[in-house]
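Examination of the molecular architecture
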Amino acid sequence: MSYQSNRVGQIPPYLFAEINKKKAAMIEAGIDVIDLGIGDPDLPTPTHIVEKLIEEMQDPKNLKYPSFIGCNEFRQAVADFYERQYDVKLDPNTEVLALIGSKEGIAHLVPTLIDPGDTVLIPDPSYPVYRMATYLANGKSYSMPLKEENNFEPEFSSIPEEILERSKLIFLNYPGNPTAATVDLEFFNRAISFARDHQIPIAHDSAYNMVTFDDYKAPSILQVDGAKEISVEFGSLSKTYNMTGWRIGYVVGNKEIIKALSTLKTNIDTGQFTPIQKAAAFALNSDQSCITYHNQIYRERMTAMLDGLASIGVKVDTPKGSFFVWAPVPKGYTSTEFATSVLEQTGVIITPGNAFGSGGEGYFRVSLSVPNQRLYEAVDRIKQKLEITIV
Ligand SMILES: *Cc1c(COP(=O)(O)O)cnc(C)c1O
């Protein structure tokens, strides 16, 4: 007797849950495992943000049911951030919606925009939530392959007309997880004009918008003229301020889409805890030097990891954003075989590329979100212990 629906029964286990099980078993066996699999920053949330949360929690008004669309302070802070960072003006009342982490909003956007049987255009490889939310909404996923020779940008012109006719949503994500690819505004221009030609809205996931290096600044899709007519952008405080556990994000852009998403959400959740929203507003409004500091740390780790990989013959260009290295597996290995060899020989967990869709086969992802000392230890083990046979 099974108490789950067929729909849920057919979901393959969440990749990271499987890896965590393996990790636990290895730790149990006394192996010193270094986990470069998961994308959860090791650095703490800056103190001024934590202190603001404590302060806001002491006000009884803040402990009641929150506003459905998010408190004024948070929506205004997001609008101000867009104006400062991108020179994009947003109406905080209609063009900004608070989310319980951007993953929540992304997952709920799909049933907001599609009916059963409709198609969603999804980058491959990509963050698994886009595909899973589509499956749970009884939609169809159409994979847009992201190829290295195209800077991991989808080739819109190769999507068949009959697919476009049934498509109700396009997902994009730059700086990308897992590819670490970044784009310039010209790409978003092309994406918006494609979306307009076919009347398919775009949801751009900008979770790593502020995790960038050197003089690269990630653009917002809303910087494209007229983008608000056909797109929304998801953002998150998780990666920018090391606030993954706080669960606070937002969606901005097209007001009809935001209104529809808000209608769906109003019937499911009741919004994020007000003190968390107020502390998040404070994070956005305060001195941003913590971001520069975090990015410097990732940049140094990136250099160390690229150096370690080069020593086993894996060469990757330095990414301009995200805290991931997306690298081709050595010749003669599948993604799974290589990740397994690395784990067994060095105790280092990396993620096989096919975990992000079949388009990720032939690659692996390294997450730089562990303390420096552990990261350098992992690099040393890869340099010294990993014996790979290249055919
Ligand atoms: C981490 C991540 C998110 C989710 O962020 P939350 O706001 O913590 O839900 C969304 N998209 C991508 C690509 C991510 O890597």
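Thresholds, definitions, all that
- Residues numbered from 1 in each chain as written.
- Predicted model: local features only at pLDDT ≥ 70, side-chain atom pairs only at ≥ 80, totals over all residues.
- Heavy atoms only, no water.
- Helix = DSSP H or I, 4+ residues; strand = E, 2+ residues; numbered from the N terminus.
- Rg over C-alpha atoms; globule rule 2.2 N^0.38 Å.
- Buried < 20%, exposed > 50% of the residue type's maximum accessible area, 1.4 Å probe, protein only.
- Contact = heavy atoms within 4.5 Å.
- Lys, Arg positive; Asp, Glu negative; His and termini not counted.
- Charge placed at Lys NZ, Arg CZ, Asp CG, Glu CD.
- Near = heavy atom within 4 Å.
- Polar contact = N/O pair within 3.5 Å; in protein donor to acceptor, adjacent residues only side chain to side chain.
- Areas by Shrake-Rupley, 256 points an atom, 1.4 Å probe, with all protein chains shown as cover.
- Nonpolar A, V, L, I, M, F, W, Y, C, P; charged D, E, K, R; others polar.
- Core = buried A, V, L, I, M, F, W, Y, C linked by side-chain atoms within 4.5 Å.
- Domains from an automatic or database assignment.
- Patch = residues over 30% accessible without salt bridge, like charges linked within 9 Å, V, L, I, M, F, W, Y side chains within 5 Å.
- Salt bridge = Lys/Arg side-chain N within 4 Å of Asp/Glu carboxyl O.
- Pairing = 2+ DSSP bridges.
- Axes fitted to C-alpha atoms, helices over the stretch in contact; angles between N-to-C directions.
- Arc of directions from axis to C-beta.
- Buried area = accessible area lost by both parts, 1.4 Å probe.

What follows deals with the overall build of the chain. Looking only at helices and strands, one finds 13 helices and twelve strands in the chain. The globule rule puts the C-alpha radius of gyration for 391 residues at 21 Å, and the 21 Å found for the chain is close to it. Its C-alpha atoms put the chain at 60 × 55 × 55 Å along the principal axes. Relative to its 391 residues, the chain shows a buried fraction of 55%. Sequence separation of 24 or more characterises 75% of the internal contacts of the chain that already satisfy a separation of 6 or more. Of the charged side chains in the chain, 36 are positive and 48 negative, and the gap between their average positions amounts to 4 Å.

Surrounding the ligand, one finds 13 residues, the nearest of these being Asp205, Tyr208, Ser236, Ser238 and Lys239. Contact between the ligand and Asn177: an oxygen atom at 2.9 Å from a side-chain N or O atom of the residue. Arg247 has a polar side-chain atom sitting 2.7 Å from an oxygen atom of the ligand. For the ligand, whose unbound accessible area comes to 380 Å², protein coverage reaches 93%. Partitioned by chemical class, the residues of the shell around the ligand number three nonpolar, six polar and four charged.

A word on the nonpolar core. Ranked by internal contacts, the top residues of the largest apolar core, which has 59 residues, are Phe74, Tyr82, Leu172, Leu237 and Tyr241. In terms of residue count, helix 4 (residues 72–86) provides more of this core than any other element does, seven residues in total. In terms of domain composition, this core takes at least three residues from each of domain 1 (6–45 + 289–386) and domain 2 (47–285). In this view, Leu172 contacts Pro123, Tyr130, Met144, Pro154, Phe156, Phe187, Ala191, Ile202, Ala203, His204 and Asp205; residues no more than four positions away in its chain are not counted.

Right, let's talk about the side chain of Gln277 for a bit. Residue placement: Gln277 occurs in helix 10 (residues 274–285). Leave out the neighbours within four places in its chain, and Gln277 touches Pro66, Gly70, Cys71, Phe74, Ala98, Ile248 and Gln272.

Moving on to a negative patch on the surface. Taken together, the side chains of Glu148, Glu149, Glu155 and Asp317 define an acidic patch exposed on the protein surface. Following the sequence through the fold, Glu149 ends up in the loop between strand 4 (140–145) and helix 7 (161–166).

Bringing the sheet that holds strand 9 (residues 324–328) into the picture now. Pairing is antiparallel across the open sheet formed by three strands, whose spatial order is 9-12-11. The open sheet is flanked by strand 9 and strand 11 (351–352), the only strands paired with a single partner. Examined bridge by bridge, strand 11 and strand 12 (residues 363–367) share two bridges and lie antiparallel to one another. Pairing of Thr351 across the sheet is with Arg365, part of strand 12. In the packing of helix 11 (residues 289–311) onto the sheet, contacts are made with strand 9 and strand 12, and the angle to strand 9 comes to roughly 15°.

Glancing now at the pattern of salt bridges. In the structure shown here, the tally under the stated rule is 19 salt bridges. Among the ionic pairs, Arg190 bridges to Glu186, the shortest N-O distance being 3.3 Å. Residue Arg190 and its partner Glu186 are both found in helix 8 (residues 185–198); the two are separated by four residues, about one turn of the helix. Measuring nitrogen to oxygen at the nearest pair gives 3.1 Å for the salt bridge that ties Arg196 to Glu229. One end of the pair, Arg196, is in helix 8; the other, Glu229, is in the loop between strand 6 (202–205) and strand 7 (231–236), and 33 residues separate them in sequence. Since its relative accessible area comes to 35%, Arg196 is described here as partly exposed. We classify Glu229 as exposed; its relative accessible area is 58%. Beyond isolated ion pairs, a larger network of salt bridges with shared partners links Asp32, Arg374, Glu377 and Arg381.

Attention now moves to helix 6 (residues 129–136). Among the residues of helix 6, Val129, Tyr130, Ala133 and Thr134 are the ones counted as buried. Considered in projection along helix 6, the buried side chains sweep an arc of 135° and stay on one side of the axis. Downstream of helix 6 by a residue or two, Asn138 has a phi angle that is positive, lying close to 55°.

The domain architecture assigned to the chain consists of domain 1 (6–45 + 289–386) and domain 2 (47–285). A straight line from the C-alpha centre of domain 1 to that of domain 2 covers 25 Å. Taken together, the contact between domain 1 and domain 2 spans 34 residues of the former and 37 residues of the latter. When the two sides are added together, the surface that domain 1 and domain 2 hide from each other amounts to roughly 3100 Å², 59% of it contributed by carbon and sulfur. For the interface between domain 1 and domain 2, the tally reads one salt bridge. Residue Arg299 pairs with Asp214 through a salt bridge whose shortest N-O separation is 3.2 Å.

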